[in-house]
Amino acid sequence: MLLQINFPIKVLDNIIFVKIFKRMQERILIIGSSGQIGTELVIELRKIYGNENVIASDIRQSYDEVMNSGPFEILDIMDEKLLRNIVAKYKVTQVYLLAALLSATAEQNIELGWELNMRSHSHVLDLAKDGLVKKIFWPSSIAVFGSTTPMENTPQYTVMEPSTVYGITKQAGERWNEYYFNKFGVDVRSIRYPGLIGWKAAPGGGTTDYAVDIFHKAITDGKYECFLAENTGLPMMYMPDAIRATIELMEAPAEQVKIRSSYNLAGVSFTPKILSEEISKHIPNFKMRYQPDFRQEIASSWPSSINDTHAQNDWGWKLKYNLEKMTSDMMRNLTEKYKTIA
């Protein structure tokens, strides 16, 4: 009778209970947890699923917050046997594969870029194909696009002719995702990340790294030399939005995930000059110089803005941080961080 008398409240209670119970059943492995995305993703997932249910792993140890808050395993993702042993040890149900050689770094070692980015992906996809895990997250990138792609408001479905080894591996990986989903029913989900900006971890060798470095140098030196030209527009995203988008996609019902290659995610687009002007509102004497290097050619082949209508319509994605809000939050957090270090 209680269920009938208090129907709306009890139904809501039951829904919450079922959601919490399902989360308690999950065991999540983060591969590449010491990187820019992985560091923050581990912490956020541990808040949701519990510290012991989220296993961090990388070829090197991570930050103290990751190491001290839950399990950690040293893992070279190229070692498929070790990967499977870890999956079995923790009874892993979900894998987030973040290990990769990024755009600028991969251009310096193209063979390693291809081998690491492609082989790690197939190792993880095969876990699901063989019934060892239920769900996979694999990140793609705006690097899948190229100079022949429409640069403004780049649509979900368009010309994709990447000009870097990183972009080529991501485009190939998107095709792998579709193949494994259609052929083997693998529940793989993916986002085409724009440039990511965060204050908790160092960037990992990407072409958009200037948008992180600039904040550090503004606070410590009051000046910055940018490796991109002042009017190079690129889509960017603040890390809290990127982490939230990743988790929202992974928690969306399978029937709402209609794209199994990778979803466009827009973020906010700006140039180094525009970002410099925004930082100058916080540090009036900040100085910016421009010394473009090999990364300029890479950046010039990428879109300046992205259309993410499919993500909005399919699983309800909404951006929270614009340029002003992101800059204020970065300045506040990094200023406090440097005070603590000092």
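Coordinates for the structure precede this section.
The structure contained in this document is the topic of the report that follows. A quick note: this is a predicted structure, and the numbers were derived from the prediction, not measured. (Residues numbered from 1 in each chain as written. Predicted model: local features only at pLDDT ≥ 70, side-chain atom pairs only at ≥ 80, totals over all residues. Heavy atoms only, no water.)

### What about the sheet that holds strand S11 (residues 234-238)?
- Pairing within the open sheet is mixed, and its three strands lie in the order S9-S11-S13. Of all strands in the sheet, those bounded by a partner on one side alone are strand S9 (195-197) and strand S13 (268-270). Across the sheet, the mean angle separating the axes of adjacent strands is 45° when strand polarity is ignored.
- Sheet contacts for helix H9 (residues 210-220): S9, S11 and S13; angle to S9, the most-contacted strand, approximately 25°. (Pairing = 2+ DSSP bridges. Helix = DSSP H or I, 4+ residues; strand = E, 2+ residues; numbered from the N terminus. Axes fitted to C-alpha atoms, helices over the stretch in contact; angles between N-to-C directions. Contact = heavy atoms within 4.5 Å.)

### Brief notes about the environment of glutamate 178
- Mapped onto the elements of the fold, glutamate 178 is located in helix H8 (residues 165-184).
- Linking glutamate 178 and arginine 189, residues 11 residues apart in sequence, is a C-alpha distance of 9.7 Å.

### As for the layout of surface pockets
- Empty space within the largest pocket amounts to approximately 890 Å³.
- Forming the boundary of the largest pocket are 43 residues, of which Leu98, Ala100, Leu101, Leu102 and Gly204 lie nearest the centre.
- Of all the secondary-structure elements, those providing two or more residues to the lining of the largest pocket are helix H3 (36-49), helix H6 (103-108), helix H7 (110-129), strand S6 (140-141), H8 and S9.
- Take the lining of the largest pocket: its biggest share by element is three residues, from H3. (1 Å grid on protein atoms, 1.4 Å probe; cavity = no way out; pocket = protein on both sides within 12 Å on 5 of 7 lines; lining within 4 Å. Points joined across faces, edges and corners; volume = space filled by probe spheres on them.)

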